[in-house]
Amino acid sequence: MSLSTNTWQKIFIVTGITVSVFSMYSCNVYAQSFGKKENVLIVQNLGGIVRKIPLEEVALPAMSSAKTATNAEFNQARIELKSDGSLIYILRGQNQQGFEAEVQVTPNGTLIQVDEQIEISGVPEVAVKAFKRWAPNDPLISTWRSTRLGEFFYQFVIQDFWLEIAADGNKVIIYRKKIQY
């Protein structure tokens, strides 16, 4: 398959616009190549629409599950309309030890993700070693344990980024910090 100069110009313009737009907004973006030669890149933002809501608007089953999982007192809530049309609540507060906690939960109370700030001493040594390998000179701001479907991940927050490392240290994902609400 041969592409004309005009087609290549369009591809470069779309790619430039996509890179420009996604560099302005902090969101997760997934890319996938199509075609035999994998020379066309399609980018899609898989995020949803998020807005801050009063705690009183959180469905009772969602609030109950989140409190049971973390024993936290929540002081902030957001609701997210996912790209598939589903809703989740994102609740943020402090647990009894004074650490921050964030829970993603469905309106019927199904826990999606539980993130809790923890001391570095609560992180497996293999995950700490992986963090030090990827960010050897960056001062650590905070450490979190993230639980999703029974799996643990550890998050290391540094200046402009945070690294998420699987409990066995074999998977590392680097994220740019999101703007807090």
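Structure shown above.
In this text the structure is predicted, and so the values were computed from the model without any measurement.

## Structural notes on the overall build of the protein
Alright, step 1. Of the regular secondary structure elements, the protein holds three helices and eleven strands.
Alright, step 2. For the protein, the proportion of its 181 residues judged to be buried stands at 31%.
Alright, step 3. In the protein, once contacts between residues fewer than 6 apart in sequence are set aside, the share between residues at least 24 apart is 42%.
Alright, step 4. With the model as given, the accessible surface of the protein reaches about 11,800 Å², and the carbon-plus-sulfur share is 55%.

## Brief notes about the sheet that holds strand 8 (residues 142-148)
Paired through their backbone hydrogen bonds, the strands of a sheet run either parallel or antiparallel.
Alright, step 1. Taken together, the nine strands give an open sheet; going across it, the order is 3-4-5-6-7-8-9-10-11, and neighbouring strands pair in antiparallel fashion. Of all the strands in the sheet, just strand 3 (49-53) and strand 11 (172-176) have a single pairing partner and so form its edges. Sheet twist, expressed as the average angle between the axes of neighbouring strands with direction ignored, equals 20°.
Alright, step 2. By the bridge criterion, five bridges tie strand 3 to strand 4 (residues 73-81) in an arrangement that is antiparallel. Following the sheet pairing, Lys52 is matched in strand 4 by Arg78.
Alright, step 3. In this fold helix 2 (residues 60-70) packs onto strand 4, strand 5 (87-94), strand 6 (100-105) and strand 7 (111-118), with an angle of close to 40° to the strand it touches most, strand 7.
Alright, step 4. Packing of helix 3 (residues 125-134) onto the sheet brings it into contact with strand 9 (151-157), strand 10 (161-166) and strand 11, and relative to strand 10 it is tilted by some 140°.

## A few points about helix 2
Alright, step 1. Taken residue by residue, helix 2 has Ala62, Met63, Ala66 and Thr70 as its buried positions. The buried residues of helix 2 all sit within an arc of 95° when viewed along its axis, so they share a single face. Residues Leu60 and Thr68 are exposed on helix 2 and point more than 90 degrees away from its buried face.
Alright, step 2. Against the buried residues of helix 2 lie strand 4, strand 5, strand 6 and strand 7.
Alright, step 3. Looking one or two residues past helix 2, Asn71 carries a phi angle of roughly 55°, positive in sign.

## A few points about a nonpolar patch on the surface
Alright, step 1. Together, Ile49, Leu81 and Leu87 make up a nonpolar patch on the protein surface, roughly 260 Å² of accessible area in all.
Alright, step 2. Here Leu87 is to be found in strand 5.

## As for the packing of aromatic side chains
Alright, step 1. Inspection of the entire model under this criterion finds two aromatic pairs.
Alright, step 2. Ring centres 4.6 Å apart and planes at 10° place the aromatic pair Phe131 and Phe156 in the stacked group. Taken together, the residues Phe131 in helix 3 and Phe156 in strand 9 connect sequence positions 25 residues apart. Accessibility classification places Phe131 together with Phe156 in one group, the buried group.
Alright, step 3. Where Trp162 meets Tyr175, the ring centres are 4.2 Å apart and the plane angle is 20°; that geometry is what we call stacked. Remark: Tyr175 occurs in strand 11 and Trp162 occurs in strand 10; sequence separation between them is 13 residues.
Alright, step 4. According to the relative accessible area criterion, Trp162 is buried, its value standing at 17%.

## Re the pattern of salt bridges
Alright, step 1. Within this structure, the stated rule accounts for seven salt bridges.
Alright, step 2. Lys129 is the partner of Glu125 in a salt bridge, and the nearest nitrogen-oxygen pair spans 3.3 Å. Highlighted residues: Glu125 and Lys129, both in helix 3, separated by four residues, approximately one helical turn.
Alright, step 3. Shared partners join several salt bridges into a network, and the residues in it are Arg78, Arg92, Glu100 and Glu102.

## Some thoughts on the side chain of Asp115
Alright, step 1. Residue position: Asp115 is located in strand 7.
Alright, step 2. We note that Asp115 is buried and unpaired, the nearest opposite charge coming from Arg148 at a distance of 5.1 Å.
Alright, step 3. Polar side-chain contacts of Asp115 include one of 2.5 Å to the side chain of Ser146.
Alright, step 4. Leaving out residues up to four positions away in the same chain, Asp115 has contacts with Glu100, Ala101, Glu102, Trp144, Arg145, Ser146, Thr147 and Gln155.

Parameters at a glance
Every chain's residues receive numbers from 1 upward, in the order its sequence appears when written. Whole-chain, interface and lining totals are the exception, using all residues; otherwise, since this is a predicted model, local features are given only for residues with pLDDT of at least 70 and side-chain atom pairs are given and counted only at 80 or more. The side-chain numbers reported here are obtained from all heavy atoms of the structure, hydrogens and water having been left aside. Here a helix means four or more residues in a row that DSSP labels H or I, a strand means two or more in a row labelled E, and each is numbered from the N terminus. Burial classes: relative accessible area under 20% of the type maximum marks a residue as buried, over 50% as exposed, and values in between as partly exposed (1.4 Å probe, protein chains only). Residues are treated as being in contact if the distance between any of their heavy atoms lies within 4.5 Å. For the accessible areas, the method is Shrake-Rupley and the probe is 1.4 Å, while residue cover comes only from the protein chains on display. By definition, two strands form a pair when at least two bridges between them are found by DSSP. For helices, the fitted axis covers only the stretch in contact; all axes are lines through C-alpha atoms, and the angles between them, taken along N-to-C directions, range from 0 to 180 degrees. Our arc is simply the arc of the directions from the helix axis toward the C-beta atoms. Patch criteria: residues need more than 30% relative accessible area and no salt bridge. Like-charged residues are merged within 9 Å; nonpolar side chains of Val, Leu, Ile, Met, Phe, Trp and Tyr are merged within 5 Å. One side-chain nitrogen of Lys or Arg within 4 Å of one carboxyl oxygen of Asp or Glu is enough to make a salt bridge. Pairing of aromatic rings covers Phe, Tyr and Trp, the last through its six-membered ring, and needs centres within 6.5 Å; plane angles under 30 degrees mean stacked, over 60 mean edge-to-face, and all others mean tilted. Charged-residue counts in this description rest on Lys and Arg as positive and Asp and Glu as negative, His and the chain ends being excluded. Definition of a polar contact: a pair of N or O atoms within 3.5 Å, with one able to donate and the other able to accept a hydrogen when the atoms are protein atoms, and with sequence-neighbouring residues admitted only if both atoms are side-chain atoms.

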